[in-house]
Amino acid sequence: MSIDMHVHTARCGHARGAAAEYVAAARERGVSILAFTDHLPLPAAVLAADPHAASYAMPASELPDYVAEIRDLASRTAAPEVLLGIEADHLPAHLEETERALASADFDVVLGSVHYLDDWAFDDPDRTDGYEGRDLDALWDRYFTLVCEAAETGLYDVMGHPDLMKKFNFLPPGGLDERYQWCAERLAAAGVAVEVNTAGLRKPCRELYPSMAFLRALNRAGVPMTVGSDAHRPGEVGAAWDEAAAALRSAGYQSVLVFRKRVPEEVGL
Ligand SMILES: [Zn+2]
Ligand SMILES: [Zn+2]
């Protein structure tokens, strides 16, 4: 048994494979619950200001087709159980537009993800020059503050890849333990879940998002967790479930959450 609460499809412009191929891969691998969480279309203002942004998310015109396709697959598929989710960028200047887009469909689960600091998509491998010459302690403070503020909007069920800023190993000289602590406490107070995202294992940082120390802090604070592969091709569906489950158990978790119609349910590990 495994669960994958975070996969993309070719619709977002930078992933490969149609939704049906992800379902087939999930079935082959014994994934029992599969949530599609493709990228919510970005606001027109972001697309206009950032020439890179067109490849970060599906175009607005695709959203109704995406919703219809996943709902149709869900209705025709017994195993795996297919859920309709979405991954929304947290963009503080565009919260109303995000809220309207999220209300346009009856999603099972909404991931909230910080990929942007101001107008810089800091996880884009083509834009790592943005880290050069930065005060990394200040950068990480800003990043975690934004993750907490995102959680506090109430727009999202699950905070995606909660320490994504480590992707290219630009770590703060002051260390992360204190930041894990206050961030975990604010996330707990906000009442969101957080995901263990196994894509970090496939990136230069070579570890799960969140790190083991952050996961322990989340557990101490009482934050519930989900698990997702962040697959961008069918071959990545369900990737590293065993590692994620082992990390969760080692941090003290005995269950993870699944969301249906935005309502969480605990599933034992
Ligand atoms: Zn993401
Ligand atoms: Zn993703």
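Please refer to the structure placed before this passage.
Residues numbered from 1 in each chain as written. Chains lettered and ligands numbered in written order. Predicted model: local features only at pLDDT ≥ 70, side-chain atom pairs only at ≥ 80, totals over all residues.

Participant: Hey, could you go over the overall build of the protein for me, with residue numbers and the actual values?
Facilitator: Along the backbone of the protein there are 8 helices and 11 strands. Rg of the C-alpha trace for the protein: 17 Å, near the compact-globule value of 18 Å for 269 residues, within the 12% margin. Each of the three principal axes of the protein carries a C-alpha extent, and together these read 50 × 45 × 30 Å. The proportion of buried residues among the 269 residues of the protein is 45%. Sequence-distant contacts, at least 24 apart, represent 76% of the contacts inside the protein between residues at least 6 apart. (Helix = DSSP H or I, 4+ residues; strand = E, 2+ residues; numbered from the N terminus. Rg over C-alpha atoms; globule rule 2.2 N^0.38 Å. Buried ≥ 20, exposed ≤ 12 C-beta atoms within 10 Å, placed from the backbone. Contact = placed C-beta atoms within 7 Å.)

Participant: Provide a residue-level description of helix α7 (residues 212-221), including the pertinent values.
Facilitator: Looking at α7, one finds that the buried residues are Phe-214, Leu-215, Ala-217 and Leu-218. Taken down its axis, α7 places every buried residue within 160° of arc, on the same side. Contact partners of the buried residues in α7: α6 (177-190), β8 (193-197), β9 (225-228) and α8 (241-251). Trailing α7 by a residue or two, Gly-222 shows a phi angle of about 85°, which is positive. (Arc of directions from axis to C-beta.)

Participant: Can you lay out α8 for me, pointing to particular residues and giving the numbers?
Facilitator: Restricting attention to buried positions, one finds in α8 the residues Trp-241, Ala-244, Ala-247 and Leu-248. Seen from one end, α8 has its buried residues packed into an arc of 130°, which puts them on one side. Pointing more than 90 degrees away from the buried face of α8 are the exposed residues Asp-242, Arg-249 and Ser-250. Where α8 is buried, its residues contact β1 (2-7), β8, α7, β9 and β10 (255-260). Phi for Gly-252, located one or two positions after α8, is positive at around 110°.

Participant: Describe the sheet that holds strand β3 (residues 81-89), listing the residues and the values that go with them.
Facilitator: Strand order in the open sheet formed by 7 strands is β1-β2-β3-β4-β7-β8-β9, and the pairing between neighbours is parallel. Every interior strand has two partners, whereas the edge strands, β1 and β9, have only one. For strand β2 (residues 31-39) and β3, the ladder comprises 7 bridges, and the chain directions are parallel. Within the sheet, the bridge partner assigned to Phe-36 lies in β3 and is Leu-84. (Pairing = 2+ DSSP bridges.)

Participant: Mind laying out the environment of Ala-121, listing which residues take part and the relevant values?
Facilitator: Turning to its location among the elements, Ala-121 is positioned in strand β6 (residues 120-121). Distance in space between the C-alpha atoms of Ala-121 and Trp-182 is 24 Å, their sequence separation being 61 residues. Contact partners of Ala-121, with chain neighbours within four places excluded, come to His-52, Tyr-56, His-115, Tyr-116 and Arg-127.

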